[in-house]
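Letter by letter, the chains look like this.
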Amino acid sequence: MRSGFIGVIGRANAGKSTLVNVLVGEKVAIVSPKPQTTRNSIMGVLTKEEYQLVFVDTPGIYKSGHYLTDLMLKATDDAAKDVDFILFVHDGHGGISDEDITLIKKYADGKIPMALAYTKIDIMPKERIAEDVKKLYDNGIHCDVFPVSARKYTNMRKLEQYLAEQMPEGGKVIEEDIVSDKSERFMVAEIMREKILLKFDDEIPHGIAIVINEFTRKENGNYEVNLDIICEKANHKAILIGKQGRAIKEVSSFARQDMEKFLGAKVFLTTYVRVEEDWRNRPGLVKDIFIV
């Protein structure tokens, strides 16, 4: 048997979380069209009879702008040091810039072996793939490249088999029935944040956080969830709540449905919106977000 840890690294919005969710076969990370959707390193586990692949989905690489992004970048760099293999995920639809080349080489030139998943090939001209692979090679990047589409499952099985072959021989490193290292409490907070990102699109910037005040399972099996939605400005709070509270009721309803599906039980959800100016530069609040 082969088993090991795979660091999934790449720019923000390259499709890392979607790729991991598809490979694992279950939703272990939230997804949205916005960069910085993933803020913590999240582990997804794929266990087969012949191998076990433990994917470490990392925050997207993004220019540092505040304390929160500093922590996210550190989480990514730490993950790159403690894995058996690196899968660098690049958005093929976006082309390959000189900055991309520099970033890819940073990880390709390290001690840990690496391959590149060239994603979103279902929404780009096929002739571009060969051109970009040649550009990588011409710039000294000689790792294996897998053009894939997670959405269409194109070449995903081939990528899975390849990754299994790169793992060291040994027994399972994670118990067989585990698919993620994150708690139910963490995932409930992430579900709430995902629904906000999807509903409000560009109306609300990335400065949204979820703090769980109560997460309790009752004797009858139902869950009581009380949470705060933190935003950075008063006008963001007004948008989140909406006229006569309609917006927050709608997004909470969508989130509650996904929470119930995830937990397999009825959820009684209470949500509040509060303003914490510049919370992304306040270590105490950021710590609460990362621990959840």
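First, a word on what this report is: a plain description of the structure on this page. Throughout this document, residue positions are counted from 1 along each chain, in the order its sequence is written. This being a predicted model, a pLDDT of at least 70 is required before a residue's local features are given, and a value of 80 or more before pairs of side-chain atoms are given or counted; all residues contribute to the totals for chains, interfaces and linings. Excluded from the side-chain calculations are hydrogens and water; all other atoms, namely the structure's heavy atoms, are used.

## As for the pattern of salt bridges
Salt bridge criterion: a side-chain nitrogen from Lys or Arg within 4 Å of a carboxyl oxygen from Asp or Glu. Using the criterion set out here, one finds 16 salt bridges in the structure. Here D132 and R128 are joined by a salt bridge, their closest N and O atoms 3.7 Å apart. You can see D132 and its partner R128 sitting in helix α4 (residues 127–138), four residues apart, about one turn around the helix. Residue D132 is classed as buried on the basis of its relative accessible area, which comes to 7%. With relative accessibility at 22%, the residue R128 sits in the partly exposed group. Between R193 and E190 there is a salt bridge, and its shortest N-O distance comes to 3.0 Å. Here R193 and its partner E190 are both found in helix α6 (residues 184–200), three residues apart, which amounts to about one turn of the helix. Since its relative accessible area comes to 7%, E190 is described here as buried. One continuous salt-bridge network, built from bridges that share partners, spans R11, E99 and D100. Only DSSP runs of H or I reaching four residues or more are called helices, and only runs of E reaching two or more are called strands; each is numbered from the N terminus. When a residue's accessible area, from a 1.4 Å probe over protein chains only, is under 20% of the maximum for its type it is buried; when over 50% it is exposed; and in between it is partly exposed.

## Focus on the sheet that holds strand β7 (residues 209–217)
Only strands that DSSP links by at least two bridges are regarded as paired with each other. Pairing is mixed across the open sheet formed by three strands, whose spatial order is β7-β8-β9. Here the strands that pair on one side only, and so sit at the sheet edges, are β7 and β9 (267–275). The average undirected angle you get between the axes of adjacent strands in this sheet is 15°. Where strand β8 (residues 223–231) lies against β9, nine bridges are found, and the strand directions are parallel. The residue bridging Y223 from the neighbouring strand is V267, located in β9. Throughout, a residue-residue contact means that at least one pair of heavy atoms, one from each residue, lies within 4.5 Å. Orientation is described by axes fitted as lines to C-alpha atoms, over the contacting stretch for helices, and by angles from 0 to 180 degrees between their N-to-C directions. Sitting on the sheet, α6 is in contact with β7, β8 and β9, with an inclination near 135° to β7. Across the sheet, helix α7 (residues 234–241) is in contact with β8 and β9; its angle to β9 comes to roughly 155°.

## Digging into the packing of aromatic side chains
By convention, a stacked pair of Phe, Tyr or Trp rings (six-membered ring in the case of Trp) has centres within 6.5 Å and planes under 30 degrees apart, an edge-to-face pair has planes over 60 apart, and any other such pair is tilted. Here the structure, examined in full by the defined rule, presents four aromatic pairs. Between F88 and Y107, the aromatic rings sit 6.1 Å apart at their centres with planes inclined by 45°, giving tilted as the arrangement. With F88 in strand β4 (residues 85–91) and Y107 in helix α3 (residues 98–108), this pair connects stretches of sequence that are 19 residues apart. As far as the burial class goes, F88 and Y107 line up, both buried.

Just geometry here; none of it tells us what the structure is for.
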